Amino acid sequence: NPLSIPPPPPPKKNTHTRITMSFVRHVKLRVPCGQARPGPAIGQALGPLGINMAEFCKQFNDQTDTLYSKGTPVSVQLAALSDRTFTFEVRSPPTSYLLKQAAGVTKGPSHVSAEKAVGYVTPEQVYEIARVKQRDGMRWHLPLEGVAKSVIGTAKSMGIHVQEAGEEK
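Here goes a summary of the coordinates provided.

Parameters at a glance
Residues numbered from 1 in each chain as written. Predicted model: local features only at pLDDT ≥ 70, side-chain atom pairs only at ≥ 80, totals over all residues. Heavy atoms only, no water. Helix = DSSP H or I, 4+ residues; strand = E, 2+ residues; numbered from the N terminus. Areas by Shrake-Rupley, 256 points an atom, 1.4 Å probe, with all protein chains shown as cover. Buried < 20%, exposed > 50% of the residue type's maximum accessible area, 1.4 Å probe, protein only. Contact = heavy atoms within 4.5 Å. Core = buried A, V, L, I, M, F, W, Y, C linked by side-chain atoms within 4.5 Å. Salt bridge = Lys/Arg side-chain N within 4 Å of Asp/Glu carboxyl O. Pairing = 2+ DSSP bridges. Expected span 1.5 Å × (residues − 1). Arc of directions from axis to C-beta. Phe/Tyr/Trp six-rings, centres within 6.5 Å; stacked < 30°, edge-to-face > 60°.

1. Structural notes on the overall build of the protein chain
Right, on to step 1. Each helix and strand counted, the protein chain has five helices and five strands in total.
Right, on to step 2. Ordering the α and β elements of the protein chain from the N terminus gives β-α-α-β-β-α-β-α-α-β.
Right, on to step 3. On the protein chain, roughly 11600 Å² of surface is accessible, and the fraction owed to carbon and sulfur atoms is 55%.

Written as structure tokens, this is what we have:
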């Protein structure tokens, strides 16, 4: 019959296999901005996972070149996958580093004293540090005041006092 419709073609068989990547492990690193190099510090963390250190360093340096000033230590959360690839998230510098920068202190005290301060920060500096810390993925939902209280607690433990407007050093 010339008006009949031909039968549909047989279903195609799936010729390519699906490659599945599974998560292997999270690794936390502290690396200076724009200055990551393949070396023992990074190698001991990434080597056992089979991750190409040079590739990580290149990607990290490209991503952090403009984030903070060169050499600022930042936390990195790296997720290693089963096919030896990786993803990573750059987080803010440690609170202690930011406080030392704000107070102009190079090193914390050997013994923390409630009376004798190593350095001073203003409430404005505390809130600025809290804003930087709040941008981290795990703190976005916390109120700024709560993050600022955490920064003040870290400052106290380091011997850095928060100086009020009328207070003298």
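2. Looking at the environment of A130
Right, on to step 1. Among the structural elements, A130 can be located in helix α4 (residues 123-134).
Right, on to step 2. Taking the relative accessible area as the measure of exposure, A130 reaches 0% and is therefore buried.
Right, on to step 3. Considering only alpha carbons, one finds A130 and A148, 18 residues apart in sequence, at a separation of 5.0 Å.
Right, on to step 4. Here A130 is in contact with L144, V147, A148 and V151, once residues within four sequence places are set aside.

3. Looking at the nonpolar core
Right, on to step 1. Ranked by internal contacts, the top residues of the largest apolar core, which has 20 residues, are L29, F56, F60, V76, L78 and F88.
Right, on to step 2. Within the residue set of this core, elements represented by two or more residues are β1 (23-32), α1 (40-46), α2 (53-64), β2 (73-81) and β3 (86-90).
Right, on to step 3. Ranked by the residues each element gives to this core, the list is headed by β2, at four residues.
Right, on to step 4. When residues no more than four places from it in sequence are discounted, the contact partners of F60 are V31, P32, C33, G34, A36, V74, V76, F88 and V90.

4. Remarks on the pattern of salt bridges
Side-chain pairs of opposite charge can arise where the charged atoms are in close proximity.
Right, on to step 1. Within the structure shown, the criterion is met by five salt bridges.
Right, on to step 2. Measuring nitrogen to oxygen at the nearest pair gives 2.8 Å for the salt bridge that ties E128 to R131. Pair noted here: E128 and R131 are both in helix α4, with a separation of three residues, about one helical turn.
Right, on to step 3. Assessed through its relative accessible area of 40%, R131 is described here as partly exposed.

5. A word on the side chain of T95
Right, on to step 1. Assignment of secondary structure puts T95 in helix α3 (residues 95-103).
Right, on to step 2. Given a relative accessible area of 17%, T95 falls into the buried group.
Right, on to step 3. Residue contacts for T95: discarding those within four places in its chain leaves I129, K133, V151 and T154.

6. Re the pairing of β2
Right, on to step 1. For β2, the buried fraction is high: eight of the nine residues fall into the buried class.
Right, on to step 2. Where β2 lies against β3, five bridges are found, and the strand directions are antiparallel. Across the sheet, residue Q77 finds its bridge partner in β3, namely E89.

7. Digging into helix α5 (residues 144-158)
Right, on to step 1. The terminal C-alpha atoms of α5, which comprises 15 residues, lie 21 Å apart, in line with the 21 Å expected from a rise of 1.5 Å per residue.
Right, on to step 2. By the burial criterion, the buried members of α5 are V147, A148, V151, A155 and M158. On an axial view of α5, the arc spanned by its buried residues comes to 100°, and they lie on one face. More than 90 degrees from the buried face of α5, the exposed residues found are K149 and K156.
Right, on to step 3. On the buried face of α5, the contacting elements are α3, α4 and β5 (160-162).

8. Section: the packing of aromatic side chains
Right, on to step 1. Scanning the entire structure with this criterion turns up five aromatic pairs.
Right, on to step 2. With a centroid separation of 5.4 Å and 75° between ring planes, the pair formed by F56 and F88 is classed as edge-to-face. On the criterion of sequence distance, the pair formed by F56 in helix α2 and F88 in strand β3 is long-range, its members being 32 residues apart.
Right, on to step 3. Arranged with centres 6.3 Å apart and planes meeting at 50°, the rings of F60 and F88 form a pair that is tilted. Remark: F88 occurs in strand β3 and F60 occurs in helix α2; sequence separation between them is 28 residues. F88 shares its class with F60; the two are buried.

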